[in-house]
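# Understanding the architecture of this molecule
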Amino acid sequence: MATAIPLTVPADWRDFLALTKPRVMTLVVFTGLCGMLAAPVGIHPVLGFTAILCIALGAGAAGALNQWYEADLDARMKRTRGRPLPDGRMDRQAALHFGVGLAVFAVALMGLAVNVAAAAILTLSILFYVLVYTVWLKRRTPQNIVIGGAAGAFPPLIGWAAATGEVAALPLLLFALVFLWTPPHFWALALFVRSDYAAAGVPMLPVVAGERATRTQIGLYTLPMAVAAIAPWPLGLAGALYGAVSVATTALFGWFALRVATRTTAPEGDAMRPEKRLFGYSILYLFVVFGALVADRWLLP
């Protein structure tokens, strides 16, 4: 009589949730929601909820496929070795199936329930993050985060397209804002986890070009980012509330970036305090600027 082989579940729900990078997903969902709410036409609440759900599922799918492909890199980095795959809590095949299934479901639901334009942009964002950034750029060039940053800039376009069925000047400026925000945001992080990327052999800019070049690039990218952030106001695409908030918050971002860009000696205590401060503020910055855009649209019509 044959002995039955016990079936085991490779991971529990918390591990599958971790694959979706929920902390990153929060900002993605928020910018997508703001893109939708800033649109000049309304959207039925059920369709709006469905669109945001699809953006979240698409972002989660991209995160899962990223971790599936980069399991070997994650295992060599201190800040990522506790993820489900490098920690051995999940089978790589399960992660692949989960990511692909989630992506297909998100795109199909967006196309059938909302509109084809939003589904097409969602598809492009997933493919860009997985194929262009993760597979092609991440291990090959220090410009990985520059070009790959476009993947995280799509949600405002998706949200706007979900409401209107098309794209326009304002969501394109929001795309540019997130695209140009990504290098100073991510390079600030890369400066204080440089040893992690070096150990994993990832050619991040601080690893291959050094701290001085990275600091200069942070300062340079902040300039066009500031233009993209403030531009909706003088162009008449947003009102005075957005203008005031964007100018004030961008000025503070510029101050933090300037401190990082012009540093020549490390201060006493935490040597990377300015970089950590810029990184932390950069996340808050996007939440505040996008939130101000929605407030401007709904409170001051």
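Residues numbered from 1 in each chain as written. Predicted model: local features only at pLDDT ≥ 70, side-chain atom pairs only at ≥ 80, totals over all residues. Heavy atoms only, no water.

### Details of helix α2 (residues 22–37)
Our working rule: Runs of H or I in DSSP of at least four residues are treated as helices and runs of E of at least two as strands, each being numbered from the N terminus. The span one expects for a helix is its residue count, reduced by one, times 1.5 Å. The classification of residues rests on relative accessible area computed with a 1.4 Å probe and restricted to protein chains. Under 20% of the type maximum is buried, over 50% is exposed, and intermediate values are partly exposed. Should any heavy atoms of two residues lie within 4.5 Å, those residues are considered in contact.
Here α2 spans 22 Å end to end across 16 residues, near enough to the 22 Å set by a 1.5 Å rise per residue. M25, L27, V28, V29, T31, G32, C34, G35 and M36 are the residues of α2 that are buried. Residues of α2 that are buried in the fold lie against α3 (45–69), α8 (155–164), α9 (169–192) and α14 (273–299).

### Digging into unusual backbone geometry
Positioned with a positive phi, K21 is a non-glycine residue whose angle comes to about 55°. Summarising the element assignment, K21 is placed in the loop between α1 (13–19) and α2.

### Concerning the pattern of salt bridges
Here is the rule we go by: Any carboxyl oxygen of Asp or Glu within 4 Å of a side-chain nitrogen of Lys or Arg constitutes a salt bridge here.
The final tally for this structure, using the stated rule, is eight salt bridges. Between R83 and D74 there is a salt bridge, with the nearest N and O atoms lying 3.2 Å from each other. Judged by its relative accessible area of 22%, R83 falls in the partly exposed class. On the basis of relative accessible area, D74 is assigned to the buried category, the value being 3%.

### Comments concerning the nonpolar core
Note the threshold: Working definition of a nonpolar core: buried Ala, Val, Leu, Ile, Met, Phe, Trp, Tyr and Cys residues. They are joined through side-chain atoms within 4.5 Å.
One finds M110, L177 and Y285 to be the most contacted residues of the largest nonpolar core, which totals 89 residues. Residue contributions to this core peak at 13 residues, all from α9. When neighbours within four sequence positions are excluded, Y285 is seen to be in contact with L177, W181, M225, A229, T249, T250 and F253. The next biggest cluster of nonpolar side chains, apart from the first, holds seven residues, and it includes L19, A64, M90 and A94.

### Points about the confidence of the model for the chain
Here is the rule we go by: Per-residue confidence from the predictor is given as pLDDT, running between 0 and 100.
When pLDDT is averaged along the chain, the result is 90, and 94% of the positions lie at 70 or above. A low-confidence stretch, residues 1–9 stays under pLDDT 50, and its non-local contacts, those more than four residues away or across chains, total zero contacts.

### A look at helix α12 (residues 211–230)
Over its 20 residues, α12 runs 29 Å from end to end, which matches the ideal 28 Å to within 8%, given 1.5 Å per residue. Along α12, the positions that sit buried rather than exposed are T214, R215, I218, G219, Y221, T222, M225, A226, A228 and A229. Residues of α12 that are buried make contact with α7 (144–148), α9, α11 (205–208), α13 (240–261) and α14.

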